[in-house]
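For reference, the chains in residue letters:
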Amino acid sequence: MIKNVCYGLCAIILLVMGCDQKQIYTISGTWENGNGKVVYLKKEIGEKQFQIIDSAVVKDNLFKMTGDIPQVEKYLLALEKNEQEILLDGEPIEVVATQMTNKNGEKIDAYKVTIKGSHEQEIFRTARDLSLGKSMMGLAGMFAMVQVKDDSVKLDSTYRAVEMMKKAVDERIKNFVDSNNNSLAITYVIGDFIAREYPFEDVERYYNNLTPEVKASYPGQLLKEKMTSLRSINVGGIAPDIDLVAPDGKHVKLSSLRGKYVLLDFWASWCGPCLAEVPNVKAVYEQYKDKGFEIYGVSLDDKKDAWVNAIEKHDLPWIHVSSLKGWECPVAKIYNVTGIPKMYLLDKEGRIVAMDLRGEALKEKVASFFN
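Residues numbered from 1 in each chain as written. Predicted model: local features only at pLDDT ≥ 70, side-chain atom pairs only at ≥ 80, totals over all residues. Heavy atoms only, no water.

Here we look at helix α9 (residues 278-288)
- Every buried residue belonging to α9 is among V278, N280, V281, V284, Y285 and Y288, and all of these are buried. Buried residues in α9, looked at end-on, bunch into an arc of 165°, giving them a common side.
- In this structure, the buried residues of α9 make contact with β11 (261-267), α8 (272-276), β12 (293-299), β14 (342-346) and α12 (359-370). (Buried < 20%, exposed > 50% of the residue type's maximum accessible area, 1.4 Å probe, protein only. Helix = DSSP H or I, 4+ residues; strand = E, 2+ residues; numbered from the N terminus. Arc of directions from axis to C-beta. Contact = heavy atoms within 4.5 Å.)

As C-alpha cells, this is what we get:
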C-alpha cells in the first residue's frame, strides 16, 4: 500500500516536472506570396515590450523555426501586423497565411492566418473567438439600444434581449473554462480574459477548480501571482497607493487621505456615463465632506484642457489627479480598469469595502459609515 502511494506521488511529481522541462518547438507554415517576408517568434518581457526569440525568412512561400525554450509558456507569433498568441508545449505548430482580396477579387496586402497545433493551441483559438464574440455582442447591444433610446417600450424590450444574449455568452464561457480545468492554456485565458471581463470571485473560483498539476506548472504559478495582485484591488484588499499630479501641478497621494473614507473614482471628461453619475456623487460629497469623506478622482483624459474644463464646467470640488496618458495611465493598469466609471470605496485604513456602487446604493453605503 505504502509502495503504491509512493509510486503515485512520484508519478505526479514527474508529471508536474515534465510540464516545465525544456521544450523543443517546431513552427512551420506557408505564407502565400510571402517570399522575403519575416516571421517572428516573440516573448512579452514588459508592458508592450517584446523580445524576439526566433525568426524565419519565407522562401518559396515556406518557413520553419525550431529551437528550445525553458518551459511550456505563451508566446506571440508575428506575421507582419498579424500577431497571434501560441502556447509552445512541444507539439508542432502549423501556420497557413492566405492573402486576402478586396470586394473586386483583387489581392491586398493583408493576410488571414490560421494556426493549428496541440489541444492547448486549440484552447487558445477558442478563447480568442469567445473573447471577440463577447466584445462584438456588447457593441451590438449598445448600438441597438441607442437606436431605440427615445422609445421607452422598445428600449425596455431591447435591453432585456441584450441581457439574455449576455447571459448566454457568459454561460458558454463558463462552461468552456470549467471543462478545461486540466489545461495549461486555460491559465492564460483566466488571467488575460476572465480577469479583465469578470469579477474577482469568478477568477478565484476558476483558479480553485484547476487540477493540482496545472496549478504547479509554470503558467499556473504565473496565474497565482496575478491573483495576488488582483486580490489587492478587490473588496478586502488594501488599495495600492496612487501618486499623480493635480491640475495645479502638485502631487497628491491617495495614502495622504488615510483617516478618511474615500471614494476612488476613475473617470474622464469624454465619458457620458461618468458625467451622468455626477449629480448623485456631488450630493453624497456635499452631505459628508465635513464628516470625514473625500473623493479622489483619477482622470483618464490625455489632454489637460479637456480635463480641467470638465472639472470647472461640472463644478467638481474634490481632489483630482491624472497622468494625462489616457488608457495608458499606469494607475489604471494597476487597478485593472477596462471601463469607466470605475469606483472603489475605501475605509479609513485604505481597505476596499465596496466597488462600483451607483445611485442609491452609493448613498446608502456612504451613509452607513457615519450612522
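So that's the structure; there's more coming.
Looking at the confidence of the model for the protein chain
- Across the protein chain, the average pLDDT comes to 88, with 94% of residues at or above 70.
- Note on residues 1-20: pLDDT under 50 across the span, and 13 contacts to partners over four residues away in sequence or across chains. (pLDDT = per-residue confidence, 0-100.)

Some thoughts on the sheet that holds strand β7 (residues 93-101)
- Taken in spatial order, the four strands of this open sheet run β4-β1-β7-β8, and their pairing is mixed. The sheet is open, and its two borders are formed by β4 (62-69) and β8 (107-116), each paired with just one other strand. If you compare each strand with its neighbour and ignore which way they point, the axes differ by 20° on average.
- Here seven bridges tie β7 to β8, and the two strands are oriented antiparallel to one another. Paired with T98 across the strands is K112, a residue of β8. (Pairing = 2+ DSSP bridges. Axes fitted to C-alpha atoms, helices over the stretch in contact; angles between N-to-C directions.)

Section: the sheet that holds strand β2 (residues 38-46)
- Taken in spatial order, the four strands line up as β3-β2-β5-β6 in an open sheet, and their pairing is antiparallel. Each of the sheet's edge strands pairs with one partner strand only, and the pair in question is β3 (49-57) and β6 (82-88). Within the sheet, the average angular offset between the axes of one strand and its neighbour, ignoring direction, is 30°.
- Here strand β5 (residues 73-79) pairs with β6 via seven bridges, running antiparallel. Looking at the pairing, A78 lines up with E83 of β6.

A short note on a nonpolar patch on the surface
- There is a patch of nonpolar side chains on the surface, built from L132, M136 and L139 and spanning about 330 Å² of accessible area.
- Within the secondary structure, L132 sits in helix α2 (residues 119-147).
- Classification of L132 as exposed rests on a relative accessible area of 53%. (Patch = residues over 30% accessible without salt bridge, like charges linked within 9 Å, V, L, I, M, F, W, Y side chains within 5 Å. Areas by Shrake-Rupley, 256 points an atom, 1.4 Å probe, with all protein chains shown as cover. Salt bridge = Lys/Arg side-chain N within 4 Å of Asp/Glu carboxyl O.)

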